[in-house]
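# Summary of the model geometry
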Amino acid sequence: MDNPINGGAPDLGQPNPGTAPQAATPDPTASVDLTAIKLWTVEQLQRMRNFRRPYDTRRSYYYRQYIGQRDRKLYPDNLTPRSNTFVPYAASDTEAMVSRIQDAFFSIDPPIEVRAKGGSDDGADAMQKVQLTCLHRAKWIKQIEIMTRDLCIYGHVGLKIDWDWDFDTVTGPEPILQMQPFVDANTGQPILDQQGQPVMVPVHGMDGNTIQIGTQMVTKQVPKNCPKIIPIDIYDLLIDPDERIVAHVQEISFGELQRQVQNNPKLYFPDAIAEITKQLSQHRVLDQPGVIIRMAEVWDDTKKTVTVITFGEDAEAISWKDRRYQYRNASYSAYKRRVYNGPPVMLYTGPNPFAHKRIPILHTGYIKVKGDVYGIGLIEKISDLNEGVNTFVNMITDNWNMGINRRYAYDVQVDIDHEQMDMGNVPGGKVGVVGDPSKAIMPLPTFVPDQGAYMLVDLYKGMIEMQSGISDFYAKGVGSPSGNRTSSGI
């Protein structure tokens with residue numbers, strides 16, 4: 001039996017029969033339909049994943065440009081580092097666009113207005129307050145900022161608008177009231193509850209209010225009752241090229257999955273949870289709640305249905321996420337929890353639960369192109385131009401470096417202290433010749449960058465500005481046709 005748990009861990013041992021709870025036997029008439037739905041869903045997920053694959057490499061490259069990370073460059077000795085500057089046009093243009101969008105949406109207070117149309121203004125004001133309160137609890141400003149930044153970096157983004165069925169744990173003071181037994185008016189005897197204890201009721205004072213004798217701290221579970229706005233990671237979003245099916249692949253711990261089932265049993269099939277528990281128990285997983293379940297939520301706009309199924313075979317997405325950490329000279333691969341990659345288990349299938357019957361995942365490209373569901377991103381438009389600027393800047397820096405740390409030619413027949421020469425000649429070098437040169441040692445000619453070399457940087461800067469549409473406009477039209485020399489302009 002294959003081990004359904006991965007994550008770099010060794011084999012978890014032989015199956016341990018008798019420890020897993022037995023799953024309930026499904027209805028035979030429904031099992032055929034469920035099997036067909038599961039096979040169809042897995043096929044659609046594989047098709048959409050294969051469609052996304054060619055874009056993953058480029059998206060990873062655009063993320064590297066956003067954080068300004070490049071491969072290390074060395075001189076021919078493979079020891080001395082060369083200049084490796086990354087001119088941050090990708091990051092500055094992205095942040096400029098994010099700030100402009102946030103300013104356009106939220107600079108006016110309130111950002112959303114509800115106006116009466118045939119009704120009273122009081123009702124409209126009440127609706128506006130409720131709407132803004134719910135959106136504030138959903139942290140919509142923060143989520144839209146994350147969505148906008150991903151849109152600029154990757155060129156495509158998905159935003160899921162769901163309802164938060166979870167609870168907040170709230171602790172607060174609660175009054176302690178003076179209580180007394182509830183007496184039957186006919187018999188004059190206390191009324192007893194099912195356990196045989198007197199039923200207690202609050203005591204009211206002369207003013208008619210209950211008498212409070214103290215306070216106590218009480219912890220309660222309060223329903224959130226607000227939208228749940230989720231910016232979907234680019235590697236967790238699967239789009240049908242025909243845009244009729246959208247899938248959100250998410251990672252959730254098995255403990256969190258069990259907690260959701262406990263709070264709302266209608267979210268998932270009990271048999272499916274029992275099947276995953278059985279798989280984990282057979283392989284003697286000690287930390288069952290910590291195992292990551294990667295599951296896909298597939299929305300079909302044609303059938304108006306939603307299906308939730310485990311999709312552990314999409315390991316490529318997890319590897320691309322790992323690589324984002326590695327680009328920052330870090331890694332969490334050795335510390336991440338195990339991932340369930342056993343056979344697909346259908347956790348739920350049914351009709352679209354929303355009244356509007358639309359897919360609750362909105363997705364868009366930065367620049368929409370007909371026939372291309374992913375569109376074109378901001379960094380994608382200036383990617384090659386940015387790399388050109390990087391090349392010129394690093395070539396100029398290396399030339400100045402070589403001008404200071406000169407290369408030398410020397411006569412191999414002359415006694416020279418090579419150790420002292422090597423210590424002060426980095427990243428230069430030396431070339432041995434038989435004969436002169438200049439009787440013992442002489443510097444080789446170097447190229448000093450002139451004004452024309454720097455003009456290329458300004459040329460590329462103008463092309464980046466023209467292509468991205470984001471310019472250093474603060475000095476334009478105020479007496480100077482060129483950009484100013486502020487930090488954003490440079």
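The paragraphs below set out a description of the structure included in this document. (Residues numbered from 1 in each chain as written. Predicted model: local features only at pLDDT ≥ 70, side-chain atom pairs only at ≥ 80, totals over all residues. Heavy atoms only, no water.)

### Section: the environment of Gln279
Summarising the element assignment, Gln279 is placed in helix H6 (residues 270–282). Exposure remark for Gln279: the relative accessible area of 7% places this residue in the buried category. For the pair formed by Gln279 and Tyr340, sequence separation is 61 residues and the distance between their alpha carbons is 9.2 Å. (Helix = DSSP H or I, 4+ residues; strand = E, 2+ residues; numbered from the N terminus. Buried < 20%, exposed > 50% of the residue type's maximum accessible area, 1.4 Å probe, protein only.)

### Topic: the side chain of Asn352
Along the chain, Asn352 falls in the loop between strand S13 (346–351) and strand S14 (361–365). At 3.1 Å, the side chain of Asn352 forms a polar contact with the backbone oxygen of Arg358. Ignoring any residue separated from it by four or fewer positions in sequence, one finds Asn352 in contact with Trp299, Lys304, Thr305, Val306, Lys357, Arg358 and Ile359. (Polar contact = N/O pair within 3.5 Å; in protein donor to acceptor, adjacent residues only side chain to side chain. Contact = heavy atoms within 4.5 Å.)

### Here we look at the pairing of strand S10 (residues 292–300)
Taking burial as the measure, the nine residues of S10 include nine buried ones, the bulk of the element. Along S10, one buried face is formed by Ile292, Arg294, Ala296, Val298 and Asp300 and the opposite face, lined by Ile293, Met295, Glu297 and Trp299, is buried too. Pairing geometry for strand S9 (residues 245–253) and S10, over nine bridges, is antiparallel. In the strand pairing of S10, Ser253 is matched with Ile292. Inspection of the sheet shows S10 paired to strand S12 (residues 339–340) by two bridges, in the parallel sense. The residue bridging Ile292 from the neighbouring strand is Val339, located in S12. Of the strand pairs in this sheet, S10 and strand S11 (residues 305–310) are connected by six bridges, and their pairing is antiparallel. Considered in S11, the bridge of Glu297 is made with Val308. What sits between the antiparallel neighbours S10 and S11 is a turn of four residues, in which Lys304 has the positive phi angle 60 degrees. (Pairing = 2+ DSSP bridges.)

### Some remarks on the nonpolar core
The biggest cluster of nonpolar side chains holds 17 residues, and the ones touching the most others in it are Leu257, Tyr268, Ile276 and Leu347. Listed by contribution, the elements that provide at least two residues to this core are helix H5 (254–263), H6 and S10. When residues in this core are grouped by element, the largest group, four residues, is from H6. Non-local contacts of Leu257, meaning those with residues more than four positions away in its chain, are made with Ile252, Tyr268, Ile273, Ile276 and Met295. Counting residues in each nonpolar core, the second largest holds 13 residues, with Ile153, Tyr154, Tyr327 and Ile379 among its members. (Core = buried A, V, L, I, M, F, W, Y, C linked by side-chain atoms within 4.5 Å.)

### Observations regarding the sheet that holds strand S7 (residues 226–232)
An order of S7-S2-S14 is seen for the three strands of this open sheet, with the pairing classed as antiparallel. Looking along the sheet, the strands with just one partner apiece sit at the ends: S7 and S14. Adjacent strand axes in the sheet meet at a mean angle of 20 degrees, parallel and antiparallel pairs treated alike. Here strand S2 (residues 156–164) runs beside S14; their pairing, made up of five bridges, is antiparallel. Bridged to His156 within S14 is Gly365. Sheet strands in contact with helix H4 (residues 140–154) are S2, S7 and S14, and its direction is about 160 degrees off that of S2. (Axes fitted to C-alpha atoms, helices over the stretch in contact; angles between N-to-C directions.)

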